[in-house]
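# Results of the structural survey
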Amino acid sequence: MSKEKTIAVLNDLLQITNDRIEGFSKIEKKVWDTYSGLKADYDNMVSTSQEMKSELVGLITERGGLPENNTTTAGAIHRAWIDVKNSFSGNKDEATLENVLFGEDAAIKAYQNALDSGELCTESSRKVQDQLHHLKDSYNKFENIEQKK
């Protein structure tokens, strides 16, 4: 494993984390009128995402890399699709939260792929594993949205 490859993998995860933060900013506040039981979990996801971002930036800079503080093209396309889908959806609140799950599932897969790649140093692997645990927890909290009303 090279330092450059580790930095590249960490930058990919940083972009995915930025996608999550950007996606969270699109959730309309009225969703919480219907799903009030998820509001605290959502707020925790947002703050945890900011912490994850800071950790990734730290890992990248500690290894001499330059953090790529932008989002992915796939994430931008997904957010645009959410806007289109929500404009036609009968239950916009439920559709919005289903999109949160979709995004969390994509992030989980990306984090797992990063761990499986073998391109992370021990410290980075440990931090990414911790972040993956947070992603899975948030996914599980939102998984059965009908029960959370």
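For the structure itself, look to the data block above.
Residues numbered from 1 in each chain as written. Predicted model: local features only at pLDDT ≥ 70, side-chain atom pairs only at ≥ 80, totals over all residues. Heavy atoms only, no water.

## Observations concerning the side chain of Ser49
With respect to the helices, strands and loops of the structure, Ser49 is situated in helix 3 (residues 39-62). Residue Ser49 is classed as buried on the basis of its relative accessible area, which comes to 0%. Not counting chain neighbours up to four residues away, the residues in contact with Ser49 comprise Thr17, Arg20, Ile21 and Phe24. (Helix = DSSP H or I, 4+ residues; strand = E, 2+ residues; numbered from the N terminus. Buried < 20%, exposed > 50% of the residue type's maximum accessible area, 1.4 Å probe, protein only. Contact = heavy atoms within 4.5 Å.)

## Topic: the packing of helix 1 (residues 3-25) against helix 3
If you want to describe how two helices pack, look at the angle between their axes and the distance between the axes. Following both chains from N to C, one finds helix 1 and helix 3 inclined at 155°, their axes separated by 9 Å at the closest point. By the criterion of interaxial angle, the relationship of helix 1 to helix 3 is roughly antiparallel. Considering only the axes of helix 1 and helix 3, their crossing is left-handed. Counted together, Ile7, Leu10, Asn11, Leu13, Leu14, Thr17, Asn18, Arg20, Ile21, Phe24 and Ser25 of helix 1 and Tyr42, Met45, Val46, Ser49, Gln50, Met52, Lys53, Leu56, Val57, Leu59 and Ile60 of helix 3 form the full contact between these two elements. Counted by class, the contact of helix 1 with helix 3 contains 14 nonpolar, six polar and two charged residues. (Axes fitted to C-alpha atoms, helices over the stretch in contact; angles between N-to-C directions. Parallel < 35°, antiparallel > 145°, perpendicular 65-115°, else oblique. Left-handed = near helix turned anticlockwise from the far one by under 90°. Nonpolar A, V, L, I, M, F, W, Y, C, P; charged D, E, K, R; others polar.)

## So, the nonpolar core
If you look at the biggest cluster of nonpolar residues, it comprises 20 residues, and the most contacted ones within it are Leu10, Leu13, Leu56, Tyr111, Leu120, Val128 and Leu135. Looking at this core, the elements with two or more residues in it are helix 1, helix 3, helix 5 (92-116) and helix 6 (122-142). Those residues within four positions of Val128 in sequence are excluded, and the remaining contacts are Leu10, Leu13, Tyr111, Leu115 and Leu120. Of all hydrophobic cores here, the second largest spans 12 residues; its members include Leu38, Tyr42, Leu97 and Phe142. (Core = buried A, V, L, I, M, F, W, Y, C linked by side-chain atoms within 4.5 Å.)

## What to know about the packing of aromatic side chains
Per the stated rule, a full pass over the model turns up one aromatic pair. Seen in terms of ring centroids, Phe24 and Tyr42 are 5.7 Å apart; in terms of plane orientation they differ by 80°. Their pairing is edge-to-face. Taken together, the positions of Phe24 in helix 1 and Tyr42 in helix 3 put the pair 18 residues apart, joining distant regions of the chain. Of the two residues examined, Phe24 and Tyr42, each falls in the buried class. (Phe/Tyr/Trp six-rings, centres within 6.5 Å; stacked < 30°, edge-to-face > 60°.)

## Details of the packing of helix 1 against helix 6
The geometry of helix 1 relative to helix 6 is characterised by a closest axis approach of 12 Å and an angle of 25° between their N-to-C directions. On the basis of their axis angle, the class for helix 1 and helix 6 is roughly parallel. When the axes of helix 1 and helix 6 are compared, the crossing they make is left-handed. Residues Thr6, Leu10, Leu13 and Arg20 of helix 1 form the contact with helix 6, whose participating residues are Ser124, Val128, Leu135 and Ser138. Looking at side-chain class alone, the contact of helix 1 with helix 6 contains four nonpolar, three polar and one charged residues.

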